[in-house]
Amino acid sequence: QVQLVESGGDLVQPGGSLRLSCAASGSRLSTYAMGWYRQAPGKQRELVAGITIGGDTSYADSVKGRFTISRNNAESTVYLQMNSLKPEDTAVYYCNKARGRLGHVWYVEVVSSDSWGQGTQVTVSS
């Protein structure tokens, strides 16, 4: 069972940038497609960025052109670079195996309910 620890969230002004990190232990991430999810207050958790084992990426329309997902398989780490942040990006951000649809790409990793980490809070406000 993989353990995931997200970090890097903060309070930032609109237009600012943040880089989130996700470190895994207990299992190597290199054998999974990975994703970043977010959950805003009162909303369901949604997949916003995904990266395949080979490094191909895809994004939700709401973040396309502003967010970049990357991975370092040797270090079992996944990153999310977030630029041009907007107040509507405010949410708790989580990483996990990727499951869901982004554009025409379907991610089908199995995600167990007990695999979620604590997430990291991103607040975009002036």
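One can find the structure itself at the top, above this paragraph.
Residues numbered from 1 in each chain as written. Predicted model: local features only at pLDDT ≥ 70, side-chain atom pairs only at ≥ 80, totals over all residues. Heavy atoms only, no water.

Okay, the overall build of the chain next. Within the chain, the secondary structure is distributed over zero helices and 12 strands. Going from the N terminus to the C terminus, the chain shows its helices and strands as β-β-β-β-β-β-β-β-β-β-β-β. Scaling as 2.2 N^0.38, a compact globule of 126 residues should have a C-alpha radius of gyration of about 14 Å, and the chain matches this with 13 Å. Burial status across the chain gives 44% buried among its 126 residues. Partitioning the intrachain contacts of the chain with sequence separation of at least 6 by distance along the chain shows that 60% fall at a separation of at least 24. Total accessible area on the chain is roughly 6500 Å²; 47% of this is exposed by carbon and sulfur atoms. In the chain, the 12 positive side-chain charges and the 10 negative ones have mean positions that sit 3 Å from each other. (Helix = DSSP H or I, 4+ residues; strand = E, 2+ residues; numbered from the N terminus. Rg over C-alpha atoms; globule rule 2.2 N^0.38 Å. Buried < 20%, exposed > 50% of the residue type's maximum accessible area, 1.4 Å probe, protein only. Contact = heavy atoms within 4.5 Å. Areas by Shrake-Rupley, 256 points an atom, 1.4 Å probe, with all protein chains shown as cover. Lys, Arg positive; Asp, Glu negative; His and termini not counted. Charge placed at Lys NZ, Arg CZ, Asp CG, Glu CD.)

A few words on the sheet that holds strand E6 (residues 57-59). An order of E2-E12-E9-E4-E5-E6 is seen for the six strands of this open sheet, with the pairing classed as mixed. In the strand order of this sheet, the two ends are held by strand E2 (11-12) and E6, each with one partner. Where E2 meets strand E12 (residues 120-124), two bridges bridge the pair, whose relative direction is parallel. Paired with Val12 across the strands is Val124, a residue of E12. (Pairing = 2+ DSSP bridges.)

By themselves, these figures tell us nothing about what the structure is for.
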